[in-house]
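# Topology and contacts: notes
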Amino acid sequence: MTGTEFLEVPGGRLAYEVGGPQDGHLVVCAHGMGDTRGVFRFLAPLLAEAGYRVATVDVRGHGESSTGWPDYSPRSIGADLLALVRHLGGPAVLVGSSSSAGAVAWTTATAAEGEVSAVVMLAPFVGRPQLGLMLRLVQDLVMASPLLWGMYYRSLYPTARPADLSGYLRALRATLREPGRMAAVSGVVAPSEGHWTDCAPRMTCPVLIVMGSKDPDFPDPAAEARLAEELLRPYAATTEVGMIEGAGHYPHAEMPEATFATLEGFLAGAVRA
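Here's what I pulled together on the structure shown here. (Residues numbered from 1 in each chain as written. Predicted model: local features only at pLDDT ≥ 70, side-chain atom pairs only at ≥ 80, totals over all residues. Heavy atoms only, no water.)

With that out of the way, let us pick up the sheet that holds strand E8 (residues 239–244). As summarised here, the arrangement of the eight strands in space is E1-E2-E4-E3-E5-E6-E7-E8, forming an open sheet in which the pairing is mixed. Strand pairing shows two members of the sheet lacking a second neighbour, strand E1 (5–9) and E8, which therefore form its edges. Sheet twist, expressed as the average angle between the axes of neighbouring strands with direction ignored, equals 20 degrees. Each of strand E6 (116–122), strand E7 (207–212) and E8 touches helix H8 (residues 221–232); the most contacted strand, E7, lies at about 170 degrees to it. (Pairing = 2+ DSSP bridges. Helix = DSSP H or I, 4+ residues; strand = E, 2+ residues; numbered from the N terminus. Axes fitted to C-alpha atoms, helices over the stretch in contact; angles between N-to-C directions. Contact = heavy atoms within 4.5 Å.)

Structure representation (structure tokens):
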């Protein structure tokens, strides 16, 4: 990777890094809430070795990107990603994890024709969670505490925790203790206008939905993946579902080789056809 670079966009500054051959097809990877671009530390090198130019980005308010943004909605993160694609030179494959799966949908919906060549949605939330009072209180408590967030984060790796996960979590908690970081985490899930599913009719490129079969964020991960595929099928050029057996919410970090194999097969058809 090139090391941290920065891009000024309306409202703040994005941190990102790029690896892989300069003439490779661009792949932009965006992490979910409360994380950093480091979650792609295993997948990005595999994509680069396969010949892709890979950009991993700290979404607004996270990692090394600036804080104090006017909002942290998936729609706004999607606009940031489009700015990065244009800065680096598309067309690009967009890979969005968790909350950023929704963000890449917004990017795709607002991009000009040909700017987005394919979309990979890692653990997308199709429905809008309806939490009771107690669960809302628990959620608010977790998203206000770097320590509790780290404990929750660890639980999302049910089968094969990376050997460096403890060190990764120490660094993540240190980042989240910086002023403004936990506000960004809460901001990602704050009520906002529109949901990524509203973008479905404008998502006409090939789409791959990737889900861990043991993702604890979903009562039935396979059913959630099917919902996403059924929603997008009438509009997307192609739709595929890749289930990563045994993986949790971060298959790209928990089982990167299996996730890469699923992405490479999809990209071979979507990008290199």
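Having seen the structure, we can now continue with the description.
As a further point, take helix H10 (residues 256–270). Along an α-helix, residues three or four positions apart point the same way, because every turn accommodates 3.6 residues. Between its first and last C-alpha atoms H10 spans 20 Å; for 15 residues at 1.5 Å apiece the expected length is 21 Å, and the two agree. Every buried residue belonging to H10 is among Pro256, Thr259, Phe260, Leu263, Phe266 and Leu267, and all of these are buried. Here the buried residues of H10 occupy an arc of 135 degrees about the axis, which is enough to place them on one side. Facing away from the buried side of H10 by over 90 degrees, the exposed positions are Glu257 and Gly265. The secondary structure elements touched by the buried residues of H10 are helix H1 (43–49), strand E5 (92–97), E6, E7, E8 and helix H9 (251–254). (Expected span 1.5 Å × (residues − 1). Buried < 20%, exposed > 50% of the residue type's maximum accessible area, 1.4 Å probe, protein only. Arc of directions from axis to C-beta.)

As a further point, take the pattern of salt bridges. Following the criterion strictly, the structure yields eight salt bridges and no others. A salt bridge links Arg37 to Glu64; its shortest N-O distance comes to 3.0 Å. Residue Arg37 is found in the loop between strand E3 (26–30) and H1, and its partner Glu64 is found in the loop between strand E4 (53–58) and helix H2 (74–88); the two are separated by 27 residues along the sequence. Among the residues examined, Arg37 registers a relative accessible area of 8% and is labelled buried. For Glu64, a relative accessible area of 41% corresponds to the partly exposed category. Of the charged contacts in the structure, one is a salt bridge between Arg41 and Asp164, with a shortest N-O distance of 2.8 Å. Linking Arg41 in the loop between E3 and H1 with Asp164 in the loop between helix H5 (146–155) and helix H6 (165–176), this pair joins segments that are 123 residues apart in sequence. The class of Arg41 is partly exposed, set by a relative accessible area of 22%. Salt bridges sharing partners connect three or more residues here, namely Glu17, Arg37, Asp58 and Glu64. (Salt bridge = Lys/Arg side-chain N within 4 Å of Asp/Glu carboxyl O.)

This paragraph deals with the packing of aromatic side chains. Overall, the coordinates contain six aromatic pairs when judged by the stated rule. For the ring pair Phe125 and Phe218, a centre distance of 4.6 Å and an interplane angle of 35 degrees mean the geometry is tilted. With Phe125 in the loop between E6 and helix H4 (133–142) and Phe218 in the loop between E7 and H8, the pair connects residues that are 93 residues apart, well separated along the chain. By relative accessible area, Phe125 is classed as partly exposed at 26%. With centroids separated by 4.8 Å and ring planes inclined at 25 degrees, the aromatic side chains of Tyr153 and Tyr250 adopt a geometry described as stacked. Placement of Tyr153 in helix H5 and of Tyr250 in the loop between E8 and H9 is noted, with a sequence separation of 97 residues between them. An aromatic cluster is built from Tyr153, Tyr157, Tyr168 and Tyr250, whose rings are joined through pairwise contacts. A cation sits over an aromatic face here: Arg13 above Phe6, 3.8 Å from the ring centre. A cation over a ring is seen here: Arg41 above Tyr168, with NZ or CZ 4.1 Å from the ring centre. (Phe/Tyr/Trp six-rings, centres within 6.5 Å; stacked < 30°, edge-to-face > 60°. Lys NZ or Arg CZ within 6 Å of the ring centre and 35° of its normal.)

On their own, these measurements won't tell you what the molecule is for.
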